[in-house]
Amino acid sequence: MSKKPIIGGIILAAIIAVVFVGAGINPDNPENIKIENSEVFHVRLADSSLYENGVYSEMFQIEKGVYKFRFVPNGDSPHKLSIKLLTESGIVLMDNRFELEGTLIDDGISSWYTWDYLSKDNMLEIDESQWVEIFVSPNGNLKGSVSISLVLIK
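No experiment lies behind these values; they were computed from the predicted model shown.

Draft legend 1. How the structure looks around the pairing of strand β6 (residues 111-118). Relative to β6, strand β5 (residues 92-106) runs antiparallel, the two sharing 8 bridges. The residue bridging Gly102 from the neighbouring strand is Trp115, located in β6. The loop that links β5 with its antiparallel partner β6 comprises 4 residues; one of these, Gly108, has a positive phi angle of about 95 degrees.

Right under this line is the structure:
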């Protein structure tokens, strides 16, 4: 009788056992943790005439945590964005103005700009799970598009 099938079966059983045990104690298991850097809100604004009075609005649910806005400017994105977050009862959680700023990168051979939206405060701390409404205004200046995300950071 050949010992190869027996040894192969033992190795296969050991691998299966390790996989099941590892899955049970995995700290990255989504059932056990809140996923950081997960996007809770995203919109791509492309034409302010598509929104009521040129202001985009949407309701969404947000969980307890610390959040940050992230932006991806494209083309001729608005120079100023106003973002307001309100609770269902009308309490203002954030009312911020973000300004597009370019940074010149020059490596000696070529040069280019990188762009980002800056504001006095880009962090938002939520104490409890709740419904919020977001209002995003490009202040009438939207020739190019911009993607806006609200991301859980902790």
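Draft legend 2. Highlighting the packing of aromatic side chains. Within the structure shown, the criterion is met by 7 aromatic pairs. Geometrically, the ring pair formed by Phe41 and Phe60 is stacked, given 5.1 Å between the ring centres and 20 degrees between the ring planes. With a gap of 19 residues between them, Phe41 in strand β1 (residues 38-45) and Phe60 in strand β2 (residues 56-62) connect regions that are remote in the sequence. When sorted by exposure, Phe41 lands in the same class as Phe60, which is buried. Between the aromatic rings of Phe71 and Tyr117, the centroid separation amounts to 4.9 Å while the plane-to-plane angle is 50 degrees, which identifies the pairing as tilted. Here Tyr117 lies in strand β6 and Phe71 lies in strand β3 (residues 65-73), a separation of 46 residues in the sequence. Accessibility assignment for this pair places Phe71 and Tyr117 in one class, buried. Among the aromatic residues, ring-to-ring pairing joins Phe69, Phe71, Phe98 and Tyr117 into one connected group.

Draft legend 3. Main features of the pairing of β5. Here strand β4 (residues 80-87) pairs with β5 via 7 bridges, running antiparallel. Paired with Lys84 across the bridge in β5 is Asp95.

Draft legend 4. Spotlight on the environment of His42. Checked against the element boundaries, His42 lands in strand β1. Separated by 109 residues in sequence, His42 and Val151 have C-alpha atoms that sit 8.9 Å apart. Residues contacting His42, with those up to four places away along its chain left out, are Ser147, Ile148 and Ser149. Side-chain polar atoms of His42 contact the side chain of Ser149, separated by 2.9 Å.

Cut-offs applied
- Residues numbered from 1 in each chain as written.
- Predicted model: local features only at pLDDT ≥ 70, side-chain atom pairs only at ≥ 80, totals over all residues.
- Heavy atoms only, no water.
- Pairing = 2+ DSSP bridges.
- Helix = DSSP H or I, 4+ residues; strand = E, 2+ residues; numbered from the N terminus.
- Phe/Tyr/Trp six-rings, centres within 6.5 Å; stacked < 30°, edge-to-face > 60°.
- Buried < 20%, exposed > 50% of the residue type's maximum accessible area, 1.4 Å probe, protein only.
- Contact = heavy atoms within 4.5 Å.
- Polar contact = N/O pair within 3.5 Å; in protein donor to acceptor, adjacent residues only side chain to side chain.

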